[in-house]
Amino acid sequence: MDSLDKISAEWDEMASDWDKMAFEYRDIMEKEIWIHTGLDHTSSTAAPLKIVDFGCGTGLMTEAFMKNTQGQEDAPKHTILALDASPKMVEKVREKIAANKKHWGDDGAVVAHHGYLSHFEESFSQEAKDYIKEHCMGKMDLIVASSVLNFVPKEHLDATMKALASLLKPNGMLFHTDWPKDDEKAPDGFTTESAKEMYSMGNLEYKSSTVITRNMFETEAKVFVGVAIKK
């Protein structure tokens, strides 16, 4: 797990500054989730969603999910499993939950754990494994991986995709944003074909993909957006 441990250590170093580094990306991409999946997540008629925030960082995306329904008595009560390889990132999520439970939902609405899905049994705590096996395996409606899958080492991608797929219920969806392929800037970025190949590792079916352009941090950025579904 040397390559994974190296990545974890690198993200640990960014944990204290991550909120100010990534908030604008979060604000833009959170809107894209609902556009591309078609899921209703705020109306009074919407069913509560069980969501995995994979590569959750300091919980910025999870924070947005919970904020969308804050103060709405008839809004759906989502539950979220926030996962990251970085212990310090997950520590930040837990600190936020403890400091403001009203914002983060009812007790237990957000659960955060660190580990590597490709090495589930070896890297997650026993508490995390018990919770995930009982409450999440085959039960999740949506997995959000916001600028994460490009960072998974190639030798661990197959196992990671199989683990992600095992969390989804039938018709559950994986939504991800990553770098699009660019021969100069991102030679390992995504294309529709490489996304389909990745989805097939978890026996997920391709639903859609596109490259969008958005203004972030005073610059124009291209982002690959992909959606796959479990049948």
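Everything below is about the structure printed above this text.
Residues numbered from 1 in each chain as written. Predicted model: local features only at pLDDT ≥ 70, side-chain atom pairs only at ≥ 80, totals over all residues. Heavy atoms only, no water.

**Details of the packing of aromatic side chains**
This is how the line gets drawn: Only Phe, Tyr and Trp rings take part, Trp by its six-membered ring, and two of them pair if their centres are within 6.5 Å. Stacked means planes under 30 degrees apart, edge-to-face means over 60, and tilted covers everything else. Strands are runs of DSSP state E lasting at least two residues, helices are runs of H or I lasting at least four, and both sets are numbered from the N terminus onward. The cut-offs for exposure are 20% and 50% of the maximum accessible area for each residue type, with area from a 1.4 Å probe on protein chains only; residues under the lower value are buried, those over the upper are exposed, and the others partly exposed.
Taken as a whole and judged by the stated rule, the model has seven aromatic pairs. Measuring from centroid to centroid gives 5.3 Å for W11 and F151, while their planes differ by 85°, and the two rings are edge-to-face. Highlighted residues: W11 in helix α1 (residues 2-14) and F151 in the loop between β4 (140-146) and α8 (154-167), separated in sequence by 140 residues. Here W11 falls in the buried class, since its relative accessible area comes to 17%. Residue F151 is classed as partly exposed on the basis of its relative accessible area, which comes to 31%. Plain terms: the ring middles of F190 and F224 are 5.6 Å apart, the flat faces sit at 25° to each other, and that makes the pair stacked. Residue F190 is found in the loop between β5 (168-178) and α9 (192-201), and its partner F224 is found in strand β7 (residues 219-229); the two are separated by 34 residues along the sequence. Ring pairs connect the aromatic residues W11, W18, F151 and W179, which therefore count as one cluster.

**Digging into α8**
Worth spelling out the cut-off: Each helix should span, by expectation, one fewer than its residue count multiplied by 1.5 Å. Any two residues having at least one pair of non-hydrogen atoms within 4.5 Å are treated as being in contact.
For α8, built from 14 residues, the straight-helix expectation of 20 Å at 1.5 Å per residue is met to within 8% by its first-to-last C-alpha distance of 21 Å. By the burial criterion, the buried members of α8 are H156, L157, T160, M161, A163, L164, A165 and L167. Packed against the buried residues of α8 are α1, β1 (50-54), α7 (126-135), β4, β5 and α9.

**A word on the pattern of salt bridges**
Stated precisely, the cut-off is as follows: A side-chain nitrogen of Lys or Arg and a carboxyl oxygen of Asp or Glu constitute a salt bridge if their distance falls within 4 Å.
Taken as a whole and assessed by the stated rule, the structure comprises 10 salt bridges. Here R214 ties to E32 by a salt bridge, and the two come within 2.8 Å at their closest N and O atoms. Highlighted residues: R214 in strand β6 (residues 205-216) and E32 in helix α2 (residues 18-37), separated in sequence by 182 residues. When its relative accessible area of 29% is taken as the criterion, R214 is described as partly exposed. Look at E32 and you get buried, because its relative accessible area is 5%. By sharing partners, the salt bridges in this structure join D19, E63 and K96 into a single network.

**Let's talk about the pairing of β5**
The two faces of a sheet get side chains in turn, since along a regular strand they alternate between them. Here is the rule we go by: A pair of strands is considered paired only if DSSP assigns at least 2 bridges between the two.
Among the 11 residues of β5, eight are classified as buried, and the element is accordingly described as predominantly covered. In this sheet, β5 lies alongside β4 in parallel orientation, the contact comprising six bridges. Looking at the pairing, I143 lines up with L174 of β5. In the sheet, β5 pairs with β7 via six bridges, with the strands oriented antiparallel. When the bridges of β7 are listed, M173 appears paired with I229.

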